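Chain by chain, the residues:
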Amino acid sequence: MKILVPVKRVVDYNVKIRVKPDQTGVDLANVKMSMNPFCEIAVEEAVRLQEAGTATEIIVVSVGPTQAQETIRTALAMGADRGILVKTDDDLEPLGIAKVLKAVVEAESPDLVILGKQAIDGDNNQTGQMLSALLGWSQGTFASELGLDGDKVNVTREIDGGLQSVKLSMPAIITTDLRLNEPRYASLPNIMKAKKKPIDEKELAEYGVDAAPRLEIVKVAEPAEREAGVKVETVGELVDKLKNEAGVL
Ligand code: AMP
């Protein structure tokens, strides 16, 4: 069984985001970039399926700038077999990414595509669903458990207020939620081994997809700063402030 894992290079989750002064986007100058955490979970799950003897090959694909090679190398160090980098300096929207991924799927014929449920930069949560629609494949989104059962895959989905179990026919699309697993750190020997694993470099134009933007980002703004709290001396003072200052009573 072949698994394709799309991975995105994003601002590291520990970095405090700075909005550009002209509010056109996030300042990426000299900012640490890493693999999107939900993509790490997707790679980990694929590697576990390979260790269990069910997956035979794991291919990672990233659509992005040359530096996205590092993200692919991280996935190779975790255990993936080979990578594909689709080079572009444009920040494609989920529909554009999904169209490229569809072309990669058609070339590679995987049985499963495991994506992150969302990329923590744009918080779109759209690519897996769009890819599923473009391919006409079943989808199990927000997976917190996954089990193979012949040519079917059982997925436990995290939904509002509970869990939903679904059985999908393969080939299928899975998107990962936080509780699916805890991704491993790559060991030094595996980081060294990953340097020799192949990464196929492609240009976006080779896929011939219409990835032109459909929407315009009008403005990006920082969240309002939290105001400092105050200590009150008595219950009476609290009630007074709630009534007369906060207006909630
Ligand atoms: P999003 O829909 O942008 O929130 O992203 C959801 C998932 O789609 C990510 O976790 C990745 O698995 C995949 N994805 C999004 N953008 C890219 C990209 N540029 N290259 C590869 N995979 C991507």
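Residues numbered from 1 in each chain as written. Predicted model: local features only at pLDDT ≥ 70, side-chain atom pairs only at ≥ 80, totals over all residues. Heavy atoms only, no water.

1. Description of the sheet that holds strand 11 (residues 199–203)
Convention followed: When DSSP locates at least two bridges between a pair of strands, those strands are taken to pair. Comment: elements are numbered from the N terminus, with helices defined as DSSP H or I runs of at least four residues and strands as E runs of at least two. Note on geometry: axes are lines fitted to C-alpha atoms, helical ones only across the stretch in contact, with angles between N-to-C directions running from 0 to 180 degrees. Pairs of residues are marked as contacts when any of their non-hydrogen atoms sit within 4.5 Å.
Strand order in the open sheet formed by nine strands is 9-8-7-10-6-1-4-5-11, with mixed pairing between adjacent strands. In this open sheet, the two strands that pair with only one neighbour each are strand 9 (162–169) and strand 11. Between one strand axis and the next, the sheet turns by 30° as a mean value, whatever way the strands run. As paired strands, strand 8 (residues 152–159) and strand 9 are joined by eight bridges and run antiparallel to one another. In the sheet register, V153 faces strand 9, and the bridge partner there is L168. Against the sheet, helix 2 (residues 68–78) engages strand 4 (57–64), strand 5 (82–87) and strand 11, with an angle of about 165° to strand 5.

2. Quick word on the pattern of salt bridges
Here is the rule we go by: The term salt bridge refers to a pairing of a side-chain nitrogen on Lys or Arg with a carboxyl oxygen on Asp or Glu at a separation within 4 Å. Burial status follows relative accessibility: with a 1.4 Å probe on protein chains alone, a residue under 20% of its type maximum counts as buried, one over 50% as exposed, and anything between as partly exposed.
Evaluated as defined, the whole model comprises 18 salt bridges. Among the salt bridges present, the one from R184 reaches E51, with a minimum N-O distance of 2.7 Å. Linking R184 in the loop between strand 10 (172–176) and helix 5 (188–194) with E51 in helix 1 (residues 37–51), this pair joins segments that are 133 residues apart in sequence. Here R184 falls in the partly exposed class, since its relative accessible area comes to 29%. Under the relative-accessibility criterion, E51 is labelled exposed at 54%. Between D177 and K117 there is a salt bridge, with the nearest N and O atoms lying 3.2 Å from each other. In this pair, D177 sits in the loop between strand 10 and helix 5 while K117 sits in the loop between strand 6 (112–116) and helix 4 (127–135), placing the two residues 60 residues apart along the sequence. Across the pair, exposure class does not vary: D177 and K117 are buried alike. Sharing partners across several salt bridges, the network here consists of K2, E57, R82 and E108.

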